[in-house]
Amino acid sequence: MDQPVKSGSGGPPGARVPGRAWLMLALATVGFAVNFWAWALLSPLAPRFKDELGLSSFEQSLLVAVPVVVGSLGRIPVGALTDRYGGRLMFPLVSGATVVPVLYLGLAGHASFAALLVGGFFLGIGGTAFAVGVPFVNAWFPPERRGLAIGVFGAGMGGTAISALTTVQLVDAAAMATPFLITAAVLAAYAVAAALLLRDAPGRTVPAEPLLRRLAATARLSVTWQASALYAVAFGGYVAFSVYLPTYLRTGYGLTQADAANRMAGFVLLAVAMRPMGGWLSDRLGPVRVLAGSLAVVVAGAVVQAFTPPLAPLGTIAFLSMAAALGAGSGATFALVALLTPAGKVGSVTGVVGAAGGLGGFLPPLVMGTLYGRYGTYAAGLALLAVVAAAALAYTLTGVRAAVEGAGRPPAGRHRGHRTAGTTA
């Protein structure tokens, strides 16, 4: 059995990592992607449901937002349960439970707006997989490699791109039930594989306190709220665009449903690719610098897009720049969590921070739909994004930087301390 990899003062980023850790990371990333694929099934079909069911702009926005908010809030208890029971149990449990609403939506739950909302509510279970994977992966890696490891795991959010690229095409080629049946089968297969292959890190810290006491202790940690504020902007912005961009492009630029879905997939894929890069850069430059640079790019991109420039080339450049920045910022946020969170609390902190990120993605589609319905333009919504990102940038350069320096952490990726891969979660 591999021994835990110790991180001494100024341990090199190239410290040895057990081979099994990379296997567990790969399995967790696949599980995250599959669950996010299911979580995002309704978004590409929202314009179709709007036309077929006669939905208003607000109802269409609500349809794609409900799985987001449920999946976000569900991360709080799921993260705490992962601290207690481990990813080996929680990944198969979450994946298996998500099969039920996916089958419901595909077979019976798409005939009315009310049925779609019910299915979307329980579809949110898939979104809680994030709070399972972060503490699971974190426990397998030494501190100086966690930014990269969690960034790689975070690339599983690319499951939304699978949905964007395949859902509409499968419905057009076969039937409404087809993408749901395929996704349910993949989820069930992963649940079985995870139950057979996943293993929790040797010597991981298992908290003994009751759930509510652990959540209360999590709420008292400064890093919980610092990371929550930043993740609400970074990952929240990603989620908002990934669920609402097809509607925005179709309404604002007159694109076809398939073209809008494909462009949204490009946005998602770039954000996914940049998330590991954000973690890797945080290991070397420090998460504060990466977050500051990312948020500055989001401010600039949102300001440009608020004027609704031509999609080619300026609008495309603005959206792709924001995609890259939001992906890198999401990776940097959890590098910050890995840097400052005490052992045995990463799951609980991840649950709260992940909830904040999901909730950050819940409100913008509703705001965008409401503003467009009233004023016939998305400019005000994008201007609000620029203001929020600017506020997050100012907070990063003041409060968050002071917290990192106050904790005695070096500004770049060389971590002091004596945590081990096997005992830190």
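This is a predicted model, so every value here is computed, not measured.

Rules used throughout
- Residues numbered from 1 in each chain as written.
- Predicted model: local features only at pLDDT ≥ 70, side-chain atom pairs only at ≥ 80, totals over all residues.
- Heavy atoms only, no water.
- Helix = DSSP H or I, 4+ residues; strand = E, 2+ residues; numbered from the N terminus.
- Rg over C-alpha atoms; globule rule 2.2 N^0.38 Å.
- Buried < 20%, exposed > 50% of the residue type's maximum accessible area, 1.4 Å probe, protein only.
- Contact = heavy atoms within 4.5 Å.
- Areas by Shrake-Rupley, 256 points an atom, 1.4 Å probe, with all protein chains shown as cover.
- Lys, Arg positive; Asp, Glu negative; His and termini not counted.
- Charge placed at Lys NZ, Arg CZ, Asp CG, Glu CD.
- Expected span 1.5 Å × (residues − 1).
- Bend = angle between axes of the 7 residues up to and from the residue.
- Salt bridge = Lys/Arg side-chain N within 4 Å of Asp/Glu carboxyl O.

1. Section: the overall build of the protein chain
Moving on, step 1. Each helix and strand counted, the protein chain has 16 helices and zero strands in total.
Moving on, step 2. A globule of 425 residues ought to have a C-alpha radius of gyration of about 22 Å, and the protein chain, at 20 Å, matches this closely.
Moving on, step 3. By principal-axis analysis of the C-alpha atoms, the protein chain measures approximately 60 × 45 × 35 Å.
Moving on, step 4. A total of 425 residues make up the protein chain; the buried ones form 59% of that total.
Moving on, step 5. Sequence separation of 24 or more characterises 85% of the internal contacts of the protein chain that already satisfy a separation of 6 or more.
Moving on, step 6. As displayed, the protein chain has an accessible area near 15,100 Å², and 70% of this comes from carbon and sulfur atoms.
Moving on, step 7. For the protein chain, the distance from the average position of its 27 positive side-chain charges to the average position of its 12 negative side-chain charges is 10 Å.

2. Describing helix α16 (residues 379–406)
Since the α-helix packs 3.6 residues into each turn, any two residues three or four apart lie on the same face.
Moving on, step 1. Between its first and last C-alpha atoms α16 spans 40 Å; for 28 residues at 1.5 Å apiece the expected length is 40 Å, and the two agree.
Moving on, step 2. In α16, a bend of some 40° at T396 exceeds every other bend along the element.
Moving on, step 3. Buried within α16 are the following residues: G381, L382, L385, A386, A389, A392, L393, T396, V400 and V404.
Moving on, step 4. Tucked inside the fold, the buried residues of α16 contact α11 (222–253), α13 (287–306), α14 (311–340) and α15 (346–375).

3. Section: the side chain of S348
Moving on, step 1. Mapped onto the secondary structure, S348 falls in helix α15.
Moving on, step 2. Among all residues touching S348, those that are not within four sequence positions of it are G79, A80, D83, R214 and T218.

4. Quick notes on the pattern of salt bridges
Moving on, step 1. Under the definition given, this model contains three salt bridges.
Moving on, step 2. Measuring nitrogen to oxygen at the nearest pair gives 2.5 Å for the salt bridge that ties D172 to R48. Taken together, the positions of D172 in helix α8 (residues 159–173) and R48 in helix α2 (residues 46–53) put the pair 124 residues apart, joining distant regions of the chain.
Moving on, step 3. Judged by its relative accessible area of 52%, D172 falls in the exposed class.
Moving on, step 4. Residue classification places R48 among the buried residues on the basis of a relative accessible area of 16%.
Moving on, step 5. The closest approach of N and O atoms between R250 and D51, which form a salt bridge, is 3.2 Å. Of this pair, R250 sits in helix α11 while D51 sits in helix α2, and the two are 199 residues apart along the sequence.
Moving on, step 6. Residue classification places R250 among the partly exposed residues on the basis of a relative accessible area of 29%.

Scope: geometric values only; no functional claims are made or implied.
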